[in-house]
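Read off the chains here:
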Amino acid sequence: AIQVKINGDITLSNGGAVAIVANAISNSKLATVGASTIKGNSSINPGTGDVTDLSMYDFGIMQVRSNIPVVLTDGANIATNAALVGPNGSFRVTLSGNRTMDAPTNPTDGQIIRYIIRQGPGSNTITWNAVFHWNTTVTVPTLSTGTGKTDRVSWQYNAANSAWEAIGVVLGNS
């Protein structure tokens, strides 16, 4: 099955069939194909392709999300745009040195994100921005060592505290 992630407008043609083109992948906007545009809180069922909740027709922007991790650019500071994954999504990065995870931009209250962190060569570390809050149950992890080892760190955004609160760590996957 093909999974598509779109962050922008989706347009309908042929009386309601969703028009998706090859360059729509990776957060590109779709051009208007016909006179009908679904916008707002509409959704597409990933199993059937059925469009639901047309009550917001022609208002706002519709977003179709998938669970494919967004690949982050490795660098001294790693930037994350939380809006790219919707309410529950993942980011993937392969480390090639010690890094700082910057505060994610564009969070929404209650949003959950996961970082899938893969070790490149060496035993690399991450320094987490102060906006990431650890707790007594989920503490700052020591990342797995060895090329190819993968760790997962999960967060939930708390708008009242303007903080990403740690909700889980899984270490040592190969």
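Residues numbered from 1 in each chain as written. Predicted model: local features only at pLDDT ≥ 70, side-chain atom pairs only at ≥ 80, totals over all residues. Heavy atoms only, no water.

**Here we look at the nonpolar core**
Side chains that are nonpolar tend, in soluble globular proteins, to be buried together. Residues Tyr115, Ile117, Trp128, Phe132, Trp155 and Trp164 are the most contacted members of the largest nonpolar core, which totals 23 residues. Where this core is concerned, the elements lending two or more residues are β10 (88-95), β12 (112-119), β13 (126-128), β15 (150-158) and β16 (163-173). The residues touching phenylalanine 132, leaving out its near neighbours within four places in the chain, are Met101, Asp102, Ala103, Pro104, Tyr115, Trp155 and Trp164. (Core = buried A, V, L, I, M, F, W, Y, C linked by side-chain atoms within 4.5 Å. Buried < 20%, exposed > 50% of the residue type's maximum accessible area, 1.4 Å probe, protein only. Helix = DSSP H or I, 4+ residues; strand = E, 2+ residues; numbered from the N terminus. Contact = heavy atoms within 4.5 Å.)

**Thoughts on the confidence of the model for the chain**
Mean pLDDT over the chain works out to 75, with 61% of the residues at or above the 70 mark. Taken together, the stretch residues 11-42 has pLDDT below 50 and engages in 70 contacts with residues farther than four places along the chain or on a different chain. Throughout residues 51-64 the model reports pLDDT below 50, and contacts reaching past four residues in sequence, or to other chains, amount to 42 contacts. (pLDDT = per-residue confidence, 0-100.)

**Focus on the environment of arginine 92**
One can find arginine 92 in strand β10. Along the sequence, arginine 92 and leucine 72 sit 20 residues apart, while their C-alpha atoms lie 5.9 Å from each other. Beyond its immediate chain neighbours, meaning those up to four positions away, arginine 92 contacts Pro69, Val70, Val71, Leu72 and Ile116.

**A word on the pairing of β12**
On a regular strand, each side chain points to the face opposite its neighbour's, so the side chains alternate between the two faces of the sheet. Summarising the sheet, β10 and β12 pair through eight bridges and their orientation is parallel. From the neighbouring strand, leucine 95 faces β12, where its bridge partner is glutamine 119. Relative to β15, β12 runs antiparallel, the two being bridged by seven bridges. If you follow isoleucine 117 over to β15, its bridge partner there is aspartate 151. (Pairing = 2+ DSSP bridges.)

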